[in-house]
Amino acid sequence: MLNKYPIWKNLMVVIVLIIGGFYALPNIFGEDPAVQVAGSRFAEVNVSTQTQLNDLLASNGIDVKKSELENDQLLFRLAHADDQLKAKELISSQLGDKYTVALNLAPATPEWLADLGGEPMKLGLDLRGGVHFLMEVDMSEAIRKMEEAKVADFRSQLRKERIRYSGIKIKSRGIEIKFRNEEALSKAEFLLKRINNEMVFTDVSTDAQQMLLAVMSEEYIKQVKNDAVSQNMTTIRNRVNQLGVAEPVVQRQGADRIIVELPGVQDTARAKEILGATASIELHMVDQNADVGRAVRGHVPAGSVLYYRRSGEPVVLKKKVILTGNYITDAQPSFDEYSRPQVSIGLDAKGGNIFSNATKDNVGKPMATLFIEYKDKGKRNPDGSVKLDKTAEVISVATIQQRLGRNFVINGLTQVESQELALLLRAGALIAPVSIVEERTIGPSLGAENIQNGLSAMIYGMAIVLVFMLIYYRAFGFIANLALSFNLIMVVAVMSMLSAVLTLPGIAGMVLTVGMAVDGNVLIYERIREELRAGRSVQQAIHEGYGNAFSTIADANITTFITALILFAIGTGAVKGFAVTLMIGIATSMFTSIVGTRAIVNALWGGKRIKKLSI
Amino acid sequence: MFQILSFKGTVNFLRHAVPISFLSMVLVLGSLASLATKGINWGLDFTGGTVVELEFEHAPNLENLRADLDHDSLSGAVIQNFGSTRDVLIRLQVKEGVKSDDQVNLVMDAARQVDKDVVQKRVEFVGPQVGKELAEQGGLAVLVALICILVYVSFRFEWRLAMGSVAALAHDVIVTLGVFSILQLEFDLTVLAGLLTVVGYSLNDTIVVYDRIRENFLKMRKGSPSDIVNASITQTMSRTIITTLTTLITVVALFLKGGSMIHGFATALLMGIMVGTYSSIYVASYLAIRLGISRDHMMPVEIEKEGADQPSMMP
């Protein structure tokens, strides 16, 4: 029979609507102002912290709605937003700096709903306020560091096999290794090629000079870059955690960029200081054979570099790095027996091994700690990227008393310096310096304003469209309006299910979907009217109307979908949010306007003898 | 039946095609000329630089504020109201050797002189390199979108129609860009998003007409291609008007109520939807006719026995 849906189809529509309604539901409960407490490696939060803090808040007259302990995090939901700051300060002063205390807005989804996976949409920074950073990793520095390491490797490899070379230097085209005769070169080429798979060696000898050129292979460069970004991401994630921000985002973008989003953060200066601080230490042996006086005049021995101490005193260090900050697992400020500040450092197993071997051979010799910092001084490279200035300073020179293992101390600092260094080292060293290439700060009041604007645009737009459809198509218009309302619920539901982020352009996308989604129904209804005018029976007109309009609707929507997909691919942040809502809106509106309205139309008029249709 | 438009018979839309396509040509050329001479007022997303949005307690005197901001590292700053008279938007250019933070601090110092309760609502900084990349990517995206659509429409319909639709889209994009150029409206990333949405939306209209053209070529045994196109446009006219109307309603709501941050986006949509609706008739369909679309091109492949009366199908 025409215009009768089988039971399964009706059932499907009902089930989809119920599921949609269910997942859209969490969005109407809003959010509770909350304070979130997380422990660290040195301290954890547990039930006793929970009771202790509950008592603390209660005794200060702060009304706690509920406190939860989950995933090693404590969450205190407060009854009043005004108490939030006060509660945070109370808790931080009570617990000290081993804990991270952050302000948060926790979804007030009822427990039964949350247990079934119901979660509200997340709000983008443009709707809730906060900072967005786009950071760029300085790849040339990562590669230069790797080349330096290679130079040191080559030296020791050649020396071990007693192959004589007359110099190794990093040049713009690669690492040049010079030899006195052909025999040494061919022996070296054979040896180095065997050990260093990741390098490509070519004989670039001229009449005057026997020379080997070592270049990193494409693949290796890719890997170095990849490692640099992922290690930097870990480091930045650690640093972000030190800032005490609820739900931060650290994400990779493209080959060499990292996105950091800190919702609710207003103190951008401090955030930048901690995120951008690119400090690291390197341990070098002091070159005891070098004549410091000659070095200052410009005659630095090959394989060594001249550095200065903070006091201005020159020191000549061997170029070879014994250990970099990458192996550091722990760093704490402390005091030695004379109450002088120092930093106690712990290394991981690999670092411990390297360090132990290096110090074994050098007992009785002086070792220096080099403090390296990259600072954005506002200069730019010719291509417009930020140029970071490297400053390196010797912070301590100490004689190695014995073979050192995984724990040792750095001294010769002021108290403030030792605390800062410990913080930076603990957060991990950045393998290559990063610079902020994009920064967006949205104040919380603007965020609230944006939500307000978006919602009122949606309400006005939708109200007029609904009234228009009702007047123009009467009963069928009412059905289209039902479909439109359900469509909106479905968009919200799908976005919540995918935990997509709602942005201001995202809201615009929803508003636009309202306007465009009626298109499906208009196409169908106009077709039904045409068929009626052409003298078809009511049932046949409905059938033809839906049938003929389908391929048109599909074609029209697929093309819009393609553009949304492209937008999604190129867009960042807010625009991505728009593309997502548009895509979801297209998909759900196809369902509600074709299948959904058909189910209602069939149920109301299908299979009945009627002469006239309210359309 | 309540109807906005009620046509008795077929309206000869194409009768006016020649003068109207001349008008289109003028619009496109005018837009291109403006793009070539005035260019586009690229927003922060594309040029790089710093934008500071401030909210004052009382509407400040912009002239005085301009004088207060007369500082070397801020030269070239643009100061304007944004949304209301109390809200002020300050655009700063990237300066060699000057950090964005320092620029913002200078601005804040000057603003506090005027009004100590001034609120910093928004600060955005984009590096020049990032902006350049984005501009390249954005241009590429529009191009890729057009190509994808060309492929899809050729696959689903026919190459003449595909060419028509892409020409219509290019027309819409150029004219919308032209309006942004002539009025020197700021073009930022959300405007680009709006432009791409226009591409999708305008195509939507075109496809509805094409679909009907294809159907009518098969159904109407008589009539020239122009007659069939006219009939198709007439039949889909009320749908086109209603859909455009509902979409325009929501876009106008966004334009008026959505707040200043998506004003550019709403403007692009507003322009694009109007231009797009008209171009789907006069550019897309007309071009397909000029390219020589005929009944033969519309025949499904397995049509051989039905098409016996058409000698061109029989070798």
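(A) Here's a closer look at the overall build of chain B. What chain B contains, in helices and strands, is ten helices and six strands. In summary, chain B has a C-alpha radius of gyration of 25 Å against a globular reference of 20 Å for 315 residues, an excess of more than 25%. When the backbone C-alpha atoms are referred to their principal axes, chain B occupies close to 85 × 45 × 30 Å. Counting the 315 residues in chain B, one finds 54% classified as buried. Long-range pairs, those at least 24 residues apart, make up 76% of the contacts in chain B with a sequence separation of at least 6. Accessible area for chain B stands at about 13900 Å²; split by element, carbon and sulfur atoms hold 61% of it.

(B) Molecular detail of the overall build of chain A. When helices and strands are counted, chain A shows 16 helices and 23 strands. Compactness check: chain A gives a C-alpha radius of gyration of 33 Å against a globular reference of 25 Å for 615 residues, more than 25% above the reference. Restricting the contact set of chain A to residue pairs at least 6 apart, pairs at least 24 apart contribute 72%. When the accessible surface of chain A is summed, it comes to about 28700 Å², and 54% of that surface belongs to carbon and sulfur atoms. Charged side chains of chain A number 67 positive and 63 negative; the gap between the two group centres comes to 5 Å.

(C) Layout of the environment of glutamate 141 of chain A. Residue and element names in this part refer to chain A. Its place among the elements puts glutamate 141 in helix H6 (residues 139-160). Taking relative accessible area as the criterion, glutamate 141 reaches 10% and is therefore assigned buried. The spatial distance from the C-alpha of glutamate 141 to the C-alpha of alanine 432 is 5.9 Å, given a sequence separation of 291 residues. Leaving out residues up to four positions away in the same chain, glutamate 141 has contacts with Tyr374, Lys390 and Pro433.

(D) Local environment of the packing of aromatic side chains. Residues and elements named next belong to chain A. Scanning the model with the defined rule gives 16 aromatic pairs over all chains in all. In this structure an aromatic cluster arises from ring pairing among Phe468, Tyr472, Tyr473, Phe476, Tyr525 and Trp605. One Lys or Arg, lysine 576, reaches over the ring of phenylalanine 568 and ends 5.0 Å from the middle of that ring.

(E) Representation of the pattern of salt bridges in the model. All chains considered together, the criterion is met by 38 salt bridges over all chains. For arginine 536 of chain A, the salt bridge is made with glutamate 531 of chain A, and the minimal N-O distance between the two is 3.5 Å. Judged by its relative accessible area of 36%, arginine 536 of chain A falls in the partly exposed class. Residue glutamate 53 of chain B is joined to arginine 122 of chain B by a salt bridge in which the shortest nitrogen-to-oxygen separation is 2.8 Å. One end of the pair, glutamate 53 of chain B, is in strand E2 (residues 49-55); the other, arginine 122 of chain B, is in strand E5 (residues 119-126), and 69 residues separate them in sequence. Comparing glutamate 53 of chain B with arginine 122 of chain B, the two get one shared label, buried.

(F) Expanded view of the side chain of threonine 109 of chain A. Tracing the backbone through its elements, the reader meets threonine 109 of chain A in the loop between strand E4 (100-107) and helix H4 (111-115). Apart from residues lying up to four places away in sequence, threonine 109 of chain A is in contact with Pro26, Phe29, Ala114, Gly118 and Pro120 of chain A.

(G) Quick look at the interface of chain A and chain B. With 68 residues of chain A at the interface, the matching set in chain B holds 71 residues. For the pair chain A and chain B, the summed buried surface comes to about 6200 Å²; carbon and sulfur atoms form 63% of the total. Counting across the interface, chain A meets chain B through eight salt bridges. In this structure, arginine 212 of chain B and glutamate 530 of chain A form a salt bridge, with 2.9 Å as the shortest nitrogen-oxygen distance. Between chain A and chain B we count 20 residue pairs in polar contact (both at pLDDT 80 or more) in total. Looking at the side of chain A that touches chain B, the elements with two or more residues in it are strand E19 (366-380), strand E22 (434-442), helix H13 (444-497), helix H14 (504-533), helix H15 (538-570) and helix H16 (573-605) of chain A.

(H) Local environment of the sheet that holds strand E7 (residues 167-171) of chain A. Residues and elements named next belong to chain A. Read from one edge of the open sheet, four strands run E7-E8-E10-E9, paired in antiparallel fashion. Edge positions in the sheet fall to E7 and strand E9 (199-203), since each of these pairs with one other strand and no more. On average, adjacent strands in this sheet sit at an angle of 25° to one another, irrespective of strand direction. Taken together, the five bridges between E9 and strand E10 (residues 210-216) define a ladder with antiparallel strand orientation.

(I) Expanded view of the sheet that holds E2 of chain B. If you trace the eight strands from one edge of the open sheet to the other, you get E11(A)-E12(A)-E6(A)-E22(A)-E5(B)-E2(B)-E4(B)-E3(B), paired in antiparallel fashion. The sheet terminates laterally at strand E11 (249-253) of chain A together with strand E3 (78-82) of chain B, the two strands that pair on one side only. On average, each strand axis in the sheet is tilted by 20° relative to the strand beside it, whichever way the strands run. Here seven bridges tie strand E6 (residues 130-137) of chain A to strand E12 (residues 257-263) of chain A, and the two strands are oriented antiparallel to one another. Within E12 of chain A, the residue paired with glutamate 136 of chain A across the bridge is arginine 257 of chain A.

(J) Expanded view of helix H1 (residues 17-37) of chain B. Residues and elements named next belong to chain B. Compared with an ideal rise of 1.5 Å per residue, which puts 21 residues at 30 Å, H1 spans 30 Å between its outermost C-alpha atoms and is within 8% of the ideal. Among the residues making up H1, those that are buried are Ala17, Ser21, Ser24, Val28, Ser31 and Ser34. Each buried residue of H1 lies within a common arc of 145° when the element is viewed along its axis, so the set occupies one face. Set apart from the buried face of H1 by more than 90 degrees, the exposed residues are Val18, Pro19, Phe22, Met25, Leu29, Ala36 and Thr37. Against the buried residues of H1 lie helix H6 (159-182) and helix H9 (263-290). Phi for glycine 39, located one or two positions after H1, is positive at around 75°.

(K) Quick look at the pairing of strand E4 (residues 84-92) of chain B. Residues and elements named next belong to chain B. The pairing of E2 with E4 spans six bridges and is classified as antiparallel. Looking across to E4, one finds that threonine 50 is bridged to leucine 92. Bridging between E3 and E4 involves five bridges; their strand directions are antiparallel. If you follow phenylalanine 82 over to E4, its bridge partner there is serine 84. Between E3 and E4, which pair antiparallel in sequence order, lie one residue; one of them, glycine 83, sits at a positive phi of approximately 90°.

(L) Fine view of the confidence of the model for chain A. Mean pLDDT over chain A works out to 85, with 94% of the residues at or above the 70 mark. No element of chain A has a lower mean pLDDT than helix H12 (residues 415-426) of chain A, which averages 72, and none a higher one than H13 of chain A, which averages 93.

(M) Here's a closer look at the environment of arginine 340 of chain A. Residues and elements named next belong to chain A. Tracing the sequence through the fold places arginine 340 in the loop between strand E17 (328-335) and strand E18 (341-347). In this structure arginine 340 comes out as partly exposed when scored by relative accessible area, which is 47%. Sequence separation of arginine 340 and threonine 414 is 74 residues, and the distance between their C-alpha atoms is 8.1 Å. Sequence-distant contacts of arginine 340, defined by excluding residues within four places in its chain, comprise Ser334 and Phe335.

(N) Looking closely at the nonpolar core. By size, the foremost hydrophobic cluster in this structure holds 126 residues, and its most contacted members are Tyr473, Phe476, Tyr525, Ile528 and Leu613 of chain A together with Phe187 of chain B. Ranked by the residues each element gives to this core, the list is headed by H13 of chain A, at 17 residues. Setting aside residues up to four positions removed in sequence, tyrosine 473 of chain A forms contacts with Val522, Tyr525, Glu526, Arg529, Ser614 and Ile615 of chain A together with Ile242 of chain B.

(O) Structural detail: unusual backbone geometry. Residues and elements named next belong to chain A. If you check the backbone angles, serine 339 has positive phi at about 60° while not being a glycine. With respect to the secondary-structure elements, serine 339 resides in the loop between E17 and E18. Phi is positive for serine 499, close to 40°, though the residue is something other than glycine. Here serine 499 shows up in the loop between H13 and strand E23 (501-502). For serine 499, a relative accessible area of 36% gives the class partly exposed.

(P) Representation of helix H4 (residues 100-114) of chain B. Residues and elements named next belong to chain B. Taking 1.5 Å of rise per residue, the 15 residues of H4 would be expected to cover 21 Å, and the 22 Å separating its terminal C-alpha atoms lies within 8% of that figure. Within the sequence span of H4, burial applies to Ser100, Gln103, Val104, Val107, Met108, Ala110 and Ala111. Projected down its long axis, H4 carries its buried residues within an arc of 165°, all on one side. Each element contacted by the buried residues of H4 is listed here: E2, helix H3 (62-68), E4 and E5.

Conventions we followed
For every chain, the first residue of its written sequence is number 1, and the numbers climb from 1 along that sequence. Whichever chain is written first becomes A and whichever ligand is written first becomes 1, with later ones labelled in order. With pLDDT at 70 or above as the cut-off, local features in this predicted model cover only qualifying residues; side-chain atom pairs require 80 or more to be listed or tallied, and sums for whole chains, interfaces and linings still use all residues. Values shown for side chains rest on all heavy atoms present in the structure; no hydrogens or waters enter the calculation. What counts as a helix is a DSSP run of H or I of at least four residues, what counts as a strand is a run of E of at least two, and both are numbered from the N terminus. We take the radius of gyration over the C-alpha atoms and set the globule estimate at 2.2 Å times the residue count to the 0.38 power. Each residue is assigned to one of three classes by its accessible area relative to the maximum for its type, calculated with a 1.4 Å probe on protein chains only: buried under 20%, partly exposed between the two thresholds, exposed over 50%. Between two residues, a contact is recorded if the distance between any of their heavy atoms is within 4.5 Å. A 1.4 Å probe and the Shrake-Rupley method give the accessible areas. Residues count as covered only by the protein chains that appear here. For this count, His and the chain ends are skipped, Lys and Arg are scored as positive, and Asp and Glu as negative. To locate a charge, take NZ of a lysine, CZ of an arginine, CG of an aspartate or CD of a glutamate. Each Phe, Tyr or Trp ring, with Trp reduced to its six-membered ring, pairs with another whose centre is within 6.5 Å; inter-plane angles below 30 degrees give stacked pairs, above 60 give edge-to-face pairs, and intermediate values give tilted ones. Look at NZ for Lys and CZ for Arg. If either is within 6 Å of the ring centre and within 35 degrees of the ring normal, a charge sits over the ring. In the sections that follow, a salt bridge refers to a side-chain nitrogen of Lys or Arg positioned within 4 Å of a carboxyl oxygen of Asp or Glu. When two components associate, each loses some accessible surface as probed by a 1.4 Å sphere; the sum of these losses over both components is called the buried area. We define a polar contact as two N or O atoms separated by no more than 3.5 Å, with the added condition that, inside protein, one atom must be a possible hydrogen donor and the other a possible acceptor, whereas residues neighbouring each other in sequence contribute only through side-chain atom pairs. Strand pairing follows a simple DSSP-based rule, namely that at least 2 bridges must link the two strands. Fitting a line to C-alpha atoms yields each axis, with helices limited to the stretch in contact; the angle taken between N-to-C directions then spans 0 to 180 degrees. What a helix is expected to span follows from its residue count: subtract one and scale by 1.5 Å. Taken from the helix axis, the directions to the C-beta atoms give the arc we talk about. Confidence of the predictor at the level of single residues is given by pLDDT, which spans 0 to 100. Nine residue types can take part in a nonpolar core, namely buried Ala, Val, Leu, Ile, Met, Phe, Trp, Tyr and Cys, and a core is a set of them joined through side-chain atoms within 4.5 Å.

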